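# Topology and contacts: notes
As a plain string of letters, each chain reads:
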Amino acid sequence: MTIKTKIGMGLAALGRPEYINIRENKNIDKTEKAFRENAFSVLDFAYEKGIRYYDTAPSYGKGERYLMDWNNDRKHSDVILGTKWGYTYVANWELGYYGKHEIKEHSLDKLLEQWEVSQELLPKLNIYQIHSATLETGVLQNDAILNKLYQLKKETGIQIGLTTSGENQNKIILEALNIKINNDYLFDSFQVTYNILEQSTFEVLNILKSKSKFIIIKEALANGRIFNKENKATYSLLENLALKYNVGIDAIVIRFVIDSIEPNYVLSGASNIHQLEENLKALHPDLILLHSEMKQLSLLRTNPVSYWEERNRLTWN
Ligand SMILES: NC(=O)c1ccc[n+]([C@@H]2O[C@H](COP(=O)([O-])OP(=O)(O)OC[C@H]3O[C@@H](n4cnc5c(N)ncnc54)[C@H](OP(=O)(O)O)[C@@H]3O)[C@@H](O)[C@H]2O)c1
């Protein structure tokens, strides 16, 4: 069986000392120097293993800077980069930072300010995304922003995309799909949350496919929640499949995403080489989930409202 989906590398966990993870090993070196070294090692390892798409954002602490520096230094001719605009990192590398670590602002000023920096990723920058487009910020109705994105698309040839989170993912995607400027559809690429626990975007993802849109899946591991042993029914099914196929449960759930959606990319959010190596086992030729196993996995879906409530309660650590 040929797997068309590729794994991409997300930098959310690589560029800042605290993120909304279920981190078991909390004793990692959280200095900027250690993070930079780790990020470069993970990026090199990813490249060596054939990963070519790298996804970052200005709000990932130093994540965008690390990707720029790595890209400028390694000069790989075949990488494809994606970044976003709309959130600003404000925790300033402060451990145990109490307030919000990132502030959302979908304004034209923020777009212009962040583009000024992010354009350094050109010509490898291929996908430029609205970071977590929501109905509340009105970003999809803001003509000044949409026109600016269209102008960037025409001037640089980048794909314009958006990322979605929250229980309104379907509505946002459907609204974005219809946006046209000068008779051209504006959005080419959609980065969407889909995983064993949150499958409410299944149908809309199929609509995107039918329209040949570029699909990237994020949060395939539900931010690490799939590792939660307290959720006994889910965990025991995942553990049994992992034992059967001799991989970790992360590979099982990533493969579930690949087989159910066949997106262009699924992002790995690995925070170190070991995790990435484990995530990549999702593509192992011996891992072929049976139809009955896919069916069992699809039954693990939860109610999207509770899924996102739980996601919002995750602490940064
Ligand atoms: N709104 C947006 O646009 C948005 C939101 C979220 C993500 N993203 C993108 O999607 C990428 C992936 O998403 P994500 O990082 O949120 O989600 P994810 O893949 O669901 O979760 C990643 C976390 O799972 C844990 N993990 C991964 N492999 C593991 C393994 N083998 N064993 C144990 N733990 C493992 C790590 O946690 P620890 O670090 O705690 O060990 C890692 O940080 C991000 O890097 C980012 O590029 C975009």
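Keep in mind that this is a model prediction, so the values were computed, not measured.

Another aspect to go through is the overall build of the chain. Secondary structure assignment for the chain yields eleven helices and twelve strands. Relative to a compact globule of 317 residues, whose C-alpha radius of gyration would be 20 Å, the chain shows 19 Å and is just as compact. With respect to the three principal axes, the spread of C-alpha positions in the chain is 50 × 45 × 40 Å. Here the chain holds 317 residues, and the buried ones make up 43% of them. When contacts within the chain are restricted to residue pairs at least 6 apart in sequence, those whose partners lie at least 24 apart make up 80%.

Ile217, Val253, Val257 and Val266 are the most contacted members of the largest nonpolar core, which totals 82 residues. A per-element tally of this core places helix H8 (residues 249-261) first, with nine residues. The contacts of Val253, once residues within four sequence positions are left out, are Asn195, Ile196, Ala220, Leu221, Ile226 and Leu238.

Time to look at the environment of Gln114. Structurally, the position occupied by Gln114 is in helix H3 (residues 108-118). With 44 residues separating them in the primary sequence, Gln114 and Trp70 have C-alpha atoms 19 Å apart. Those residues within four positions of Gln114 in sequence are excluded, and the remaining contacts are Pro58 and Trp85.

It is worth spelling out the sheet that holds strand S12 (residues 265-268) at this point. Taken in spatial order, the eight strands close into a barrel running S1-S2-S3-S6-S7-S10-S11-S12, and their pairing is parallel. The average undirected angle you get between the axes of adjacent strands in this sheet is 30°. Across five bridges, strand S3 (residues 80-85) lies against strand S6 (residues 125-130) in parallel orientation. Bridge pairing in S6 links Leu81 to Leu125.

It is worth spelling out the environment of Asn142 at this point. For Asn142, the location among the structural elements is in the loop between S6 and helix H4 (143-156). The sequence separation of Asn142 and Leu108 amounts to 34 residues, and the corresponding C-alpha distance is 8.6 Å.

It is at 8 Å that the axes of helix H7 (residues 232-245) and H8 come closest, and there the two elements cross at 100°. Viewed along their axes, H7 and H8 adopt a mutual orientation that is roughly perpendicular. Residue-level inspection shows Leu238, Glu239, Leu241, Ala242 and Tyr245 of H7 in contact with H8, the latter providing Ile249, Ile252 and Val253. Taken together, the residues that form the contact of H7 with H8 break down as seven nonpolar, no polar and one charged.

Leu111, Gln114 and Ser118 are the residues of H3 that are buried. In a view along the axis of H3, the buried residues occupy a sector of 80°, so they form one face of it. Exposed side of H3, more than 90 degrees from the buried face: Asp109, Leu112 and Glu116 are the residues found there. The inward-facing, buried residues of H3 abut helix H2 (63-74), S3, S6 and H4.

Orientation of H8 relative to helix H10 (residues 291-298), taken along the N-to-C sense of each, is 105°, at an axis distance of 11 Å. By the angle class used here, H8 and H10 are roughly perpendicular. Where H8 approaches H10, its residues Phe256, Asp259 and Ser260 are matched on the opposing element by Met294, Leu297 and Ser298. Class assignment for the residues of the contact of H8 with H10 results in three nonpolar, two polar and one charged.

Cut-offs used in this document
- Residues numbered from 1 in each chain as written.
- Predicted model: local features only at pLDDT ≥ 70, side-chain atom pairs only at ≥ 80, totals over all residues.
- Helix = DSSP H or I, 4+ residues; strand = E, 2+ residues; numbered from the N terminus.
- Rg over C-alpha atoms; globule rule 2.2 N^0.38 Å.
- Buried ≥ 20, exposed ≤ 12 C-beta atoms within 10 Å, placed from the backbone.
- Contact = placed C-beta atoms within 7 Å.
- Core = buried A, V, L, I, M, F, W, Y, C linked by C-beta atoms within 7 Å.
- Pairing = 2+ DSSP bridges.
- Axes fitted to C-alpha atoms, helices over the stretch in contact; angles between N-to-C directions.
- Parallel < 35°, antiparallel > 145°, perpendicular 65-115°, else oblique.
- Nonpolar A, V, L, I, M, F, W, Y, C, P; charged D, E, K, R; others polar.
- Arc of directions from axis to C-beta.

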